[in-house]
Each structure stands twice: as structure tokens, then as C-alpha cells.
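If you want the building blocks of each chain, they are given just below.
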Amino acid sequence: MNVARSFNNWLKFRQTVTELGRMSSRELQDLGIDRADIRSVARASVTR
């Protein structure tokens, strides 16, 4: 993987973590995401 792709993946990961972290527990629950799973969900979004 090249440097630019790695950097873009990291940015996408951070953006996803930030956006999900700003959501209320109720909103996350509606999406089927537990607050403890935010980082793993963000990691999965990068690998798609």
C-alpha cells in the first residue's frame, strides 16, 4: 500500500470515529452500533 493511500485510509478512519463519537447513544443504538464498537466499525469502513 502506498503512502497516499495509507494517509487517506487514516483520514477516513478518523472522520468516521469523530462522526460516530458525536452521535448520541440512542442514535448509535438505532444504527445497531455500541459505543465500544466505534473504532472497529471505523476500521471496517476503511477496508471496504
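Calculation notes
Residues numbered from 1 in each chain as written. Predicted model: local features only at pLDDT ≥ 70, side-chain atom pairs only at ≥ 80, totals over all residues. Heavy atoms only, no water. Core = buried A, V, L, I, M, F, W, Y, C linked by side-chain atoms within 4.5 Å. Buried < 20%, exposed > 50% of the residue type's maximum accessible area, 1.4 Å probe, protein only. Helix = DSSP H or I, 4+ residues; strand = E, 2+ residues; numbered from the N terminus. Contact = heavy atoms within 4.5 Å. Expected span 1.5 Å × (residues − 1). Arc of directions from axis to C-beta.

A.B. asks: So, the nonpolar core: which residues are in play, and what are the values?
C.D. replies: General note: in soluble globular proteins, nonpolar side chains tend to be found buried as a group. Grouped together as the largest cluster of nonpolar side chains are eight residues: Phe13, Val17, Leu20, Leu28, Ile33, Ile38, Ala42 and Val46. Breaking this core down by element, the ones donating at least two residues are helix 1 (3-22) and helix 3 (38-47). Setting aside chain neighbours within four positions, we find phenylalanine 13 in contact with Arg39, Ala42, Arg43 and Val46.

A.B. asks: Tell me what's going on with the side chain of serine 45, and back it up with residues and numbers.
C.D. replies: Residue position: serine 45 is located in helix 3. Beyond its immediate sequence surroundings of up to four residues, serine 45 is in contact with Lys12 and Thr16.

A.B. asks: Can you break down helix 1 residue by residue, with the values?
C.D. replies: Between its terminal C-alpha atoms helix 1 stretches 29 Å, which fits the 28 Å expected from 20 residues at 1.5 Å a residue. Taken together, the buried positions of helix 1 are Phe13, Thr16, Val17 and Leu20. Looking straight down helix 1, one finds its buried side chains confined to an arc of 100 degrees; they lie on one side. Exposed side chains of helix 1 directed beyond 90 degrees from the buried face belong to Val3 and Arg22. Buried residues along helix 1 sit in contact with helix 2 (25-31) and helix 3.

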